[in-house]
Amino acid sequence: MGMQRAVTMVLLAASAATAPAARAQEIEPRAFVPSPVGVTFVVAAAGRSTGGILTDPSLPVDDVEATIDTVAIGVGHTFALFGHLANAALVLPYASGHFTGTIDGEDAEASRSGAADLKLRLAANLVGAPAMTPAEFARRTPATTVGVALTVSAPTGEYYPAKLVNVGTNRWAIKPEIGVSHPLGRWYLEAIAGAWFFEDNDDFFGGRLRKQEPLASIQGHVSYTFRPKLWLAFNATWYDGGRSSVDGVLKDDRQSNTRYGLTLSLPLGRSQSLKLHWNDGASTRIGSDFTTYGIAWQYTHLPR
């Protein structure tokens with residue numbers, strides 16, 4: 001391969017750390033706040049992340065900058081599970097990214113785009129949120145809830161073994177979570193703990209074996225409801241772990257990063273709402289130090 005292509009490939013290898021980092025940066029307030037059963041919702045979302053990428057110090061890569069655009073559509077439904085509220089959601093994302101930087105003082109840039117890995121999330125509230133009809137839900141007294149969730153990332157995204165970085169990951173991943181939500185009048189306090197567990201990628205850049213250790217995360221949210229569907233949340237997350245190896249050689253890429261942000265929900269009539277969100281890095285050891293902006297439209301269908 002030519003020198004410029006080799007430079008670009010190594011630069012992309014360094015930026016590969018952004019995939020698990022971006023996954024850990026998921027910040028979703030009110031993920032365990034209860035709803036009535038029989039609700040179907042459709043979501044269309046778009047976002048942009050820009051910023052730098054802090055790489056393994058042993059790599060001769062500097063000044064790595066990236067702009068990543070994502071769009072996604074999702075559908076979900078709430079139902080009763082052994083008398084408890086449960087929900088299932090499916091998300092189909094598409095991502096496009098542009099990377100620039102230097103290696104050994106030489107400029108390099110590259111772009112990637114395509115369908116990303118499909119996500120499926122199953123959740124159930126175990127304490128404080130029994131399955132309720134819309135009429136029962138409207139009469140309820142808000143209480144502390146405890147719930148669990150499992151997110152599955154399937155290797156459906158675009159992936160080419162000859163490339164060092166891809167939109168898809170060519171591996172399964174799962175994330176179990178537990179969340180607590182506590183109402184205080186118009187306020188909601190939330191805490192969520194979870195961890196991503198990754199399957200090995202046995203076809204990483206020409207058949208090499210890439211492994212990754214679990215990546216744990218803790219989220220905290222404080223939100224205030226002005227009126228139904230109109231609320232503002234302050235969000236923070238910390239994640240740690242995710243060190244990787246290629247063919248048994250460990251990389252110095254363990255993450256220990258903190259992010260914070262805001263989410264604003266706006267009502268759009270009886271069955272629609274709009275969410276605006278922003279988050280930024282407070283501290284970054286390895287991985288993406290991004291500023292992210294996003295918007296999401298949601299349509300909610302309530303049963304009669």
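Analysis parameters
- Residue positions are counted from 1 within each chain, in the order its sequence is given.
- At least 70 in pLDDT is required for a residue's local features to be given in this predicted model, at least 80 for side-chain atom pairs to be given and counted, and no such filter applies to totals for whole chains, interfaces and linings, which use all residues.
- For side-chain calculations, the full set of non-hydrogen atoms in the structure is used, while hydrogens and water are omitted.
- Elements are defined by DSSP. Helices are runs of H or I of four residues or more, strands are runs of E of two residues or more, and each kind is numbered from the N terminus.
- Only protein chains enter the calculation, and the probe is 1.4 Å; a residue is then buried if its accessible area is under 20% of its type maximum, exposed if over 50%, and partly exposed in between.
- In these tables, accessible area is a Shrake-Rupley quantity obtained with a 1.4 Å probe, and a residue counts as shielded only by the protein chains included in the view.
- Working definition of a nonpolar core: buried Ala, Val, Leu, Ile, Met, Phe, Trp, Tyr and Cys residues. They are joined through side-chain atoms within 4.5 Å.
- When checking whether two residues touch, look at their non-hydrogen atoms; a contact exists if any pair is within 4.5 Å.
- Any two strands between which DSSP finds at least two bridges are classified as paired.
- Note on aromatic contacts: the rings of Phe and Tyr and the six-membered ring of Trp form a pair at centre separations within 6.5 Å, being stacked when their planes are under 30 degrees apart, edge-to-face when over 60 apart, and tilted otherwise.
- In the sections that follow, a salt bridge refers to a side-chain nitrogen of Lys or Arg positioned within 4 Å of a carboxyl oxygen of Asp or Glu.
- Patch definition: residues above 30% relative accessible area lacking any salt bridge, with like charges linked at up to 9 Å and the nonpolar side chains Val, Leu, Ile, Met, Phe, Trp and Tyr linked at up to 5 Å.
- We count Lys and Arg on the positive side and Asp and Glu on the negative side, and we leave His and both chain ends out.
- In this description, the location of a charge corresponds to atom NZ of lysine, CZ of arginine, CG of aspartate or CD of glutamate.

Engineer: What exactly am I supposed to notice about the overall build of the protein here?
Structural biologist: Helices and strands together make up the secondary structure of the protein, namely three helices and 17 strands. Counting all 304 residues of the protein, 44% fall into the buried class. Carbon together with sulfur atoms contributes 63% to the accessible area of the protein, which is approximately 14400 Å² in total.

Engineer: Hey, could you run me through the nonpolar core in this one?
Structural biologist: Nonpolar side chains in soluble globular proteins tend to be buried together. By size, the foremost hydrophobic cluster in this structure holds six residues: I53, V64, A66, I68, F99 and F290. No other element matches the three residues that strand β2 (residues 61-81) contributes to this core. Residues contacting I68, with those up to four places away along its chain left out, are G47, R48, S49, S96, G97, F99 and F290. Counting residues in hydrophobic clusters, the runner-up holds five residues, among them W196, F198, L215 and Y239.

Engineer: Before we go on, may I ask you to explain the side chain of S244 in this structure?
Structural biologist: Relative to the assigned elements, S244 resides in strand β13 (residues 244-246). For S244, a relative accessible area of 1% corresponds to the buried category. Dropping the residues within four chain positions of it, S244 is found in contact with R210, K211, Q212, V249, L250, K251 and D253.

Engineer: What exactly am I supposed to notice about the pairing of strand β12 (residues 230-241) here?
Structural biologist: Looking along a regular strand, one sees the side chains alternate between the two faces of the sheet. One ladder, built from 12 bridges, connects strand β11 (residues 215-227) with β12; its direction is antiparallel. Directly across from V222, in β12, lies its bridge partner F234. Where β11 folds back onto β12 in an antiparallel hairpin, the turn is made up of two residues, including K229, whose phi is positive at roughly 70 degrees. Here β12 pairs with strand β15 (residues 255-267) via 11 bridges, running antiparallel. When the bridges of β15 are listed, N235 appears paired with G261.

Engineer: Can you walk me through the environment of L189 in this structure?
Structural biologist: Relative to the helices and strands, L189 resides in strand β8 (residues 187-198). Judged by its relative accessible area of 33%, L189 is partly exposed. Sequence separation of L189 and T144 is 45 residues, and the distance between their C-alpha atoms is 9.5 Å. With residues near it in sequence (within four places) discarded, L189 still touches V180, S181, H182, L184, H221 and V222.

Engineer: Honestly, the sheet that holds β13 in this entry has me stumped. Any pointers?
Structural biologist: Adjacent strands of a sheet pair through backbone hydrogen bonds, lying either parallel or antiparallel. An order of β9-β10-β13-β14 is seen for the four strands of this open sheet, with the pairing classed as antiparallel. Of all the strands in the sheet, the pair left with one neighbour each is β9 (201-204) and β14 (249-250). Bridge count for strand β10 (residues 208-212) against β13 is three bridges, and the pairing is antiparallel. If you follow K211 over to β13, its bridge partner there is S245.

Engineer: When you look at the packing of aromatic side chains in this model, what are you seeing that I'm missing?
Structural biologist: For any pair of aromatic rings, the description rests on two quantities: the centre-to-centre distance and the angle between the ring planes. Inspection of the entire model under this criterion finds three aromatic pairs. Seen from their ring centres, Y224 and F226 are 5.0 Å apart, and the 75 degrees between their planes marks the pair as edge-to-face. With a relative accessible area of 26%, Y224 lands in the partly exposed category. Pairing Y260 with W278 gives two aromatic rings, centres 5.6 Å apart and planes at 70 degrees, and the pair type is edge-to-face. Of this pair, Y260 sits in strand β15 while W278 sits in strand β16 (residues 272-283); the two residues are 18 residues apart in sequence, bridging distant segments of the chain. For W278, a relative accessible area of 25% corresponds to the partly exposed category.

Engineer: I would appreciate a short explanation of the environment of V71 in the present structure.
Structural biologist: By the element assignment, V71 lies in strand β2. You can call V71 partly exposed: its relative accessible area is 42%. Sequence-distant contacts of V71, defined by excluding residues within four places in its chain, comprise A45, A46, L92, P93 and Y94.

Engineer: Mind showing me how you'd approach the pattern of salt bridges here?
Structural biologist: Oppositely charged side chains are able to pair whenever their charged atoms sit close together. Tallied over the full model, the rule gives four salt bridges. The partner of R48 in a salt bridge is D69, and the shortest N-O contact between them spans 2.6 Å. One end of the pair, R48, is in strand β1 (residues 40-54); the other, D69, is in strand β2, and 21 residues separate them in sequence.

Engineer: Can you walk me through a negative patch on the surface in this structure?
Structural biologist: On the surface, D62, D63, E65 and D104 cluster together into a negatively charged patch. Mapping D104 onto the fold places it in the loop between β3 (84-103) and β4 (106-115).

Engineer: Before we go on, may I ask you to explain the environment of I53 in this structure?
Structural biologist: Among the structural elements, I53 can be located in strand β1. What makes I53 buried here is its relative accessible area of 6%. Separated by 11 residues in sequence, I53 and V64 place their C-alpha atoms 5.4 Å apart.

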